[in-house]
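So you can see what is in the structure, the chains are spelled out below.
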Amino acid sequence: MTLLAFTGNRFLADETLRDTLAARGLNARDLPRLAGEDVTPDTLRPHLSPGLFGDGGLIVDFEGVKPDKALLELLASAAVTVAVLDESPPATRVKLYEARGQIVASPAPSRPGDVTGWVVQRCKKQKLNLDRDASAYLAEVFGADLAGIAGELNKLALLDGPFTRDAVRRVVGREPPGDSFAMLGAATAGRPGEAITQLRRLLASGEDPFKMMGAVVWQYSLVARCVALQQQDGRVTEAVAAQKLGVKPYPAKKALEVSRRLNEARIRTHLERILAADLAMKRGLDPNVALERLIVQLSV
């Protein structure tokens, strides 16, 4: 009858699947749901014909499954509504879905600002009185884990608001992970306390100090190149920086933000300090101590 393919972020796709089926008069909880090794023609066939009371339905989860053409054709020719969860289908499956059914995409927000916007909209939908700063805190803590954020919002719905950032932090009980670009940005802005806080969060979350030093070297190489670009071309946009540096827009944006506080003399001094800290770590100095000392040096 109908083949519906739900693609994109798994959590959002599953929610959209339930809402779409409900709009068609079908309760997802009442439908058979097959996944993994159960997704075979033999197990599917008994569910692909309508029951005594009209249209039935079936949910098929393709996670970890590689359906062949025959299985896809079987689902597409079903006499009932078939809802397929397929996060990232290859082009061949996309073509079949478009030709024989309908694709319902659920792209996920990825950048912190986009996740914050998603939290704000979800709060409006649930009539939760979270201010934007509290929404940003959830985005910082959970990142792209939308299911984790939704779980916390469900907890908050049982409590009395309004919810400020501090109130939500007390309920969630987690600190945001450190951000290496935020650490460098705070350091170059002369805020060593904030920079050290970011560093300690990164270390507390299990980041390897030697890998962190590698990240600092890479990020500062971008910053240095951004300083050079701005000296050569004047004010540089994020898009131009990303193209010339050969990186994605987000690191280009962050590198530009840091570079605007620096000039050639300061960036040379910072690079020398980074080199000295890198050598000190490789010669046996406690890596955490070396990193903290470096961050303080970058702040002055």
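About the criteria used
- Residues numbered from 1 in each chain as written.
- Predicted model: local features only at pLDDT ≥ 70, side-chain atom pairs only at ≥ 80, totals over all residues.
- Heavy atoms only, no water.
- UniProt positions renumbered as here; feature names shortened; annotations may be inferred.
- Domains from an automatic or database assignment.
- 1 Å grid on protein atoms, 1.4 Å probe; cavity = no way out; pocket = protein on both sides within 12 Å on 5 of 7 lines; lining within 4 Å.
- Points joined across faces, edges and corners; volume = space filled by probe spheres on them.
- Helix = DSSP H or I, 4+ residues; strand = E, 2+ residues; numbered from the N terminus.

The name recorded for the protein in an unreviewed UniProt entry is DNA-directed DNA polymerase, from Deinococcus indicus. Under the Sequence similarities (unreviewed entry) heading, UniProt states for the protein: "Belongs to the DNA polymerase HolA subunit family." The Catalytic activity (unreviewed entry) field of the UniProt record for the protein holds the comment "DNA(n) + a 2'-deoxyribonucleoside 5'-triphosphate = DNA(n+1) + diphosphate".

Peer 1: Just to check I follow, could you spell out the domain arrangement of the protein for this structure?
Peer 2: Interfaces are often sized by the accessible area lost when the parts come together. Segmenting the protein into domains produces domain 1 (3-106), domain 2 (112-172) and domain 3 (180-298). Taking only C-alpha atoms, the centre of domain 2 and the centre of domain 3 are 30 Å apart.

Peer 1: Sorry, what's going on with the layout of surface pockets here?
Peer 2: In this approach the atoms are scanned with a rolling probe the size of a water molecule, which exposes any empty space left behind. Counted as a void, the second largest pocket has a volume near 220 Å³. For the second largest pocket, the full set of lining residues is Leu12, Glu15, Thr16, Asp19, Trp118, Gln121, Arg122, Lys125 and Gln126. Those elements giving two or more residues to the lining of the second largest pocket turn out to be helix 1 (10-23) and helix 5 (112-126). Among the elements that line the lining of the second largest pocket, the one with the most residues is helix 5, at five residues.

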